[in-house]
Amino acid sequence: MAIYDIAGLKVNIVNPKGRTAKQAMPYLSDNQDENQHIDITVDVDEKRVLSAMAEHPELVQDDWEYMITGSDFYTELLNFDGILLHSSCIVVDDMAYAFSADSGTGKSTHTQLWLKHFGDRAYMLNDDKPAIRLIDGIVYACGTPWSGKYDYSTPKVVPLAGICFLERSENNWIKKADTGKAVFNIFSQTVRKLNAQRMDSLFDVLEQIFAKVPLYEFGCDISEEALFTSYNAMKR
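To start, this report covers the structure provided alongside it. (Residues numbered from 1 in each chain as written. Predicted model: local features only at pLDDT ≥ 70, side-chain atom pairs only at ≥ 80, totals over all residues. Heavy atoms only, no water.)

## Section: the packing of helix α5 (residues 179–187) against helix α6 (residues 196–212)
Put simply, α5 and α6 touch, their axes get as near as 12 Å, and they point 130° apart. Relative to α6, the element α5 is oriented oblique. Handedness of the crossing formed by α5 with α6: right-handed. On the side of α5, the interface is formed by T179, A182, V183, I186 and F187, while α6 contributes M199, L202, F203, L206 and F210. Broken down by class, the residue content of the contact of α5 with α6 amounts to nine nonpolar, one polar and no charged. (Axes fitted to C-alpha atoms, helices over the stretch in contact; angles between N-to-C directions. Helix = DSSP H or I, 4+ residues; strand = E, 2+ residues; numbered from the N terminus. Parallel < 35°, antiparallel > 145°, perpendicular 65-115°, else oblique. Left-handed = near helix turned anticlockwise from the far one by under 90°. Contact = heavy atoms within 4.5 Å. Nonpolar A, V, L, I, M, F, W, Y, C, P; charged D, E, K, R; others polar.)

Set out below in structure tokens:
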């Protein structure tokens with residue numbers, strides 16, 4: 001048993017190994033008392049891992065344990081007004097900005113521009129799978145151990161200034177997102193294969209997030225102008 005502080009919750013990851021244990025280390029709780037209240041328990045059956053490997057042998061067991069552990073955490077997170085958002089989430093001046101897009105579109109390239117420009121004012125909260133969670137009426141972005149192949153994450157919970165759906169463009173532009181399109185975008189970038197009850201929970205959380213956090217559509221290249229286009233529109 002190992003207890004972690006993730007997204008403002010007490011999380012028990014049962015027998016973490018390899019990559020999972022390594023990337024979760026910064027989130028290890030100072031309090032390892034087994035009698036304390038645990039919000040989420042993640043216990044991955046080896047049979048599930050071996051079954052996934054049989055279908056996709058191009059990934060090793062350690063990779064599958066890492067991915068399934070994350071999937072289980074984000075599924076349970078729905079019970080705590082939280083969702084996974086596949087995005088690169090950066091913090092500037094204690095406010096978080098999430099850039100979501102399909103893999104390979106350039107979201108990490110864009111947030112690297114922010115890191116370079118803002119220097120000590122900025123850090124990466126999570127470069128792949130931050131948790132977005134409503135706590136006491138405020139929407140926060142949260143670092144998690146499941147942060148992509150480069151392990152860019154920080155164990156913090158930070159108010160979320162905006163969510164930006166990024167696409168490549170020859171010109172730099174940004175506008176408020178259409179709500180219907182935003183729903184589709186988030187559904188394509190969060191946990192899938194949910195049962196009816198969890199799907200209802202997802203809709204409830206999204207409705208609350210949409211009411212409290214600005215949503216944007218953003219077309220950009222890889223120039224410094226793109227950085228200023230997004231930051232000037234989104235900054236709080």
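Now that the structure is up, let's keep going.
## Comments concerning the nonpolar core
Counting 48 residues, the largest nonpolar core has F73, I83, L160, I163 and I209 as the members making the most contacts within it. Here this core gets five residues from one element, more than from any other, and that element is α6. Contact partners of I209, with chain neighbours within four places excluded, come to I83, I132, V139 and I163. Listed in part, the 20 residues of the second largest apolar core include Y97, F118, A161 and A226. (Core = buried A, V, L, I, M, F, W, Y, C linked by side-chain atoms within 4.5 Å. Buried < 20%, exposed > 50% of the residue type's maximum accessible area, 1.4 Å probe, protein only.)

## Quick look at the sheet that holds strand β2 (residues 9–13)
Strand order in the open sheet formed by three strands is β1-β2-β3, with mixed pairing between adjacent strands. Both edges of this open sheet fall to β1 (2–6) and β3 (40–42), since each of them pairs with a single strand only. Shown here is a sheet whose adjacent strand axes are inclined to one another by a mean of 30°, direction ignored. Helix α3 (residues 61–77) contacts β1, β2 and β3 of the sheet and is inclined by roughly 155° relative to β3. (Pairing = 2+ DSSP bridges.)

## Considering a negative patch on the surface
Where like charges cluster on the molecular surface, the negative patch consists of D81, D200, D204 and E207. Of note, D204 is situated in helix α6. A relative accessible area of 44% places D204 in the partly exposed class. (Patch = residues over 30% accessible without salt bridge, like charges linked within 9 Å, V, L, I, M, F, W, Y side chains within 5 Å. Areas by Shrake-Rupley, 256 points an atom, 1.4 Å probe, with all protein chains shown as cover. Salt bridge = Lys/Arg side-chain N within 4 Å of Asp/Glu carboxyl O. Lys, Arg positive; Asp, Glu negative; His and termini not counted. Charge placed at Lys NZ, Arg CZ, Asp CG, Glu CD.)

## So, the side chain of S87
With respect to the helices and strands, the residue S87 is situated in strand β5 (residues 87–92). Setting aside chain neighbours within four positions, we find S87 in contact with A98, F99, S100, K107, N126, D127, D128, K129 and P130.

## Quick look at the packing of aromatic side chains
Tallied over the entire structure, the rule returns ten aromatic pairs. Aromatic pair F73 and Y74: ring centres 5.2 Å apart, planes at 70°, arrangement edge-to-face. As far as burial versus exposure is concerned, F73 and Y74 are alike and both buried. Taken together, the ring pairs connect Y97, F99, W114, F118, F218 and Y231 into an aromatic cluster. Between the NZ or CZ atom of R19 and the centre of the ring of Y66, over which it lies, the distance is 3.9 Å. (Phe/Tyr/Trp six-rings, centres within 6.5 Å; stacked < 30°, edge-to-face > 60°. Lys NZ or Arg CZ within 6 Å of the ring centre and 35° of its normal.)

## Digging into the packing of helix α4 (residues 107–118) against helix α7 (residues 224–234)
Where α4 contacts α7, the axes come no closer than 9 Å and their chain directions differ by 90°. Judged by the angle between their axes, α4 and α7 are roughly perpendicular. Of α7, the residues touching α4 (which contributes H110, L113, W114, H117 and F118) are E224, A226, L227, F228, S230 and Y231. Split by residue class, the contact of α4 with α7 holds seven nonpolar, three polar and one charged.

## A word on the environment of V92
With respect to the element layout, V92 can be found in strand β5. When the C-alpha atoms of V92 and L206 are compared, they prove to be 24 Å apart, with 114 residues separating the residues in sequence.

## Considerations on the pattern of salt bridges
Scanning all chains against the criterion turns up nine salt bridges. In this structure, D128 and K129 form a salt bridge, with 2.5 Å as the shortest nitrogen-oxygen distance. The exposure class assigned to D128 is buried, which follows from its relative accessible area of 14%. Each of the salt bridges in this network shares a partner with another, and the network as a whole consists of K175, K181 and E217.

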